[in-house]
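Commentary on secondary and tertiary structure
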Amino acid sequence: MKLEKVKEVLNAKVFTGENKLSETVNSACGCDLMSDVLAFVKDQAMLLTGLVNPQVIRTAEMMDMKCIVFVRGKEPDETLIQMAKEKNIVLMSTQYPLYVACGRLYSRGLNPEGIEIDG
Amino acid sequence: MDKSIVLKYDVDGNDFSLAGEASSSVKKVLLSLGFDPEIIRKVSIALYEGEMNMVIHANGGVITVEISPEEIHMLLEDTGPGIEDIELAMQEGYSTASDKVRELGFGAGMGLSNMKKYSDVFIITSEVNKGTRVEMVVKNKQ
């Protein structure tokens, strides 16, 4: 799924990385626990989380993630935006809660099979 | 690269927002040297977990990384409180981290086991009230 589609599906606001929205992600993970992201995530290019702090950017950097979506309307401050910019990570924010945001993406094709699920 | 490169970092134990700077810097160096992405990721995760541990538990410390074509050798030394029962600390889910640390998304008790998982050699020694020493090696693909 292209990041511009992610933006559309989540009605998201983009804070940095507007020029990278044509890039594609094939999987995502929704998690507030960075320890678990580091321990269990494999090749997921996008992180959806309700946690907003520098360690989220850092974790995404270590895991080679392309995009972070903050859920529940949480927004990054200028420090985080700068950090993400330096590390070439796209930052978005959506009003949807984590569960709903993940569900919307999953049902629109961001799932292991890549199929859209009629609902 | 013919010779090995040695990088040394003083990890500040008082600023959570800076935690991860050293790992980030090592990752950049490895990228610039053209290491395999999988190797870089293993080093990044193992080192980042170690660096977070230093900040969370030991009020900082010193990280020394030696990069050679054969392997990446990481040494993390601190003069923190030490670990009384290493076997217990290695168990997934066991943590002594504070609520403040948990709010940052850490302290789930996965750090040490994760460091072991992503490194090819993992040696930890610790003495209570003296400090902890962690040695990790990630071997390069030949």
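Residues numbered from 1 in each chain as written. Chains lettered and ligands numbered in written order. Predicted model: local features only at pLDDT ≥ 70, side-chain atom pairs only at ≥ 80, totals over all residues.

1. Here's the deal with the interface of chain A and chain B
Applied cut-off: A pair of residues counts as a contact when their C-beta atoms, built from backbone coordinates, are within 7 Å of each other. Numbered from the N terminus, helices here are DSSP runs of H or I no shorter than four residues, and strands are runs of E no shorter than two. Residues were grouped as follows: Ala, Val, Leu, Ile, Met, Phe, Trp, Tyr, Cys and Pro as nonpolar; Asp, Glu, Lys and Arg as charged; and all remaining residues, including Gly, as polar.
Listed per partner, the contact involves 16 residues of chain A and 19 residues of chain B. At the level of secondary structure, the elements contributing two or more residues to the side of chain A that touches chain B comprise α2 (34–40) and α3 (54–62) of chain A. Ranked by residues supplied to the side of chain A that touches chain B, first place goes to α3(A) with 6 residues. By residue class, the composition of the side of chain A that touches chain B is 8 nonpolar, 3 polar and 5 charged.

2. Some remarks on the sheet that holds strand β4 (residues 67–70) of chain A
All names here are of chain A. Applied cut-off: The pairing criterion for strands is at least two bridges between them, as found by DSSP. Convention adopted: a line fitted to C-alpha atoms gives each axis, helices being fitted over their contacting stretch, and angles between N-to-C directions are expressed from 0 to 180 degrees.
What the 5 strands build is an open sheet, ordered β1-β5-β4-β3-β2; its pairing is mixed. Since the sheet does not close on itself, it has two edges, and those belong to β1 (13–16) and β2 (28–30), each with one partner. The sheet shows a mean angle of 20° between the axes of neighbouring strands, taken without regard to direction. Relative to strand β5 (residues 90–93), β4 runs parallel, the two sharing 4 bridges. Counterpart to V69 in the pairing with β5 is M92.

3. Quick word on helix α1 (residues 21–32) of chain B
Rule in force here: The span expected for a helix works out to 1.5 Å for each residue beyond the first. Labels follow a simple rule on C-beta atoms placed from the backbone: if 20 or more others lie within 10 Å of a residue's own, it is buried; if 12 or fewer, it is exposed; otherwise it is partly exposed. Note: the arc covers the axis-to-C-beta directions of the helix.
Its 12 residues place the ends of α1(B) 17 Å apart at the C-alpha level, agreeing with the 16 Å of an ideal helix rising 1.5 Å per residue. Within α1(B), the full set of buried residues consists of B:A22, B:S23, B:V26, B:K27 and B:L30. An end-on view of α1(B) places all buried positions within 135° of arc, on one side of the element. Exposed and oriented more than 90 degrees from the buried face of α1(B) are B:L31 and B:S32. For α1(B), the elements touching its buried residues are α3 of chain A together with β1 (5–12), α2 (37–57) and β2 (60–67) of chain B.

4. Focus on helix α5 (residues 98–107) of chain A
All names here are of chain A. Every buried residue of α5 is accounted for by A101, C102 and L105. All buried residues of α5 lie within an arc of 95° about the axis, which places them on one face of the element. Those residues of α5 that are buried are in contact with α1 (3–9), β2, β3 (46–49) and β4. Phi for G109, located one or two positions after α5, is positive at around 115°.

5. Re the pairing of β3(A)
Consecutive residues of a regular strand have side chains that alternate between opposite faces of the sheet. Residues and elements named next belong to chain A. Inclusion rule: For crossovers, right-handed means that the path from the first strand over the helix to the second runs clockwise, given strands pointing away from the viewer.
Both faces of β3 are covered, namely the face carrying M46 and L48 and the face carrying L47 and T49. Sheet topology note: the β2/β3 ladder contains 3 bridges and is parallel. Along β3, the bridge assignment pairs A28 with M46. The parallel pair β2 and β3 is bridged by α2, and the resulting crossover is right-handed. In this sheet, β4 lies alongside β3 in parallel orientation, the contact comprising 4 bridges. Residue pairing for β4: M46 is matched across the bridge by C67.

Take it as geometry only, folks, not as evidence of what the structure does.
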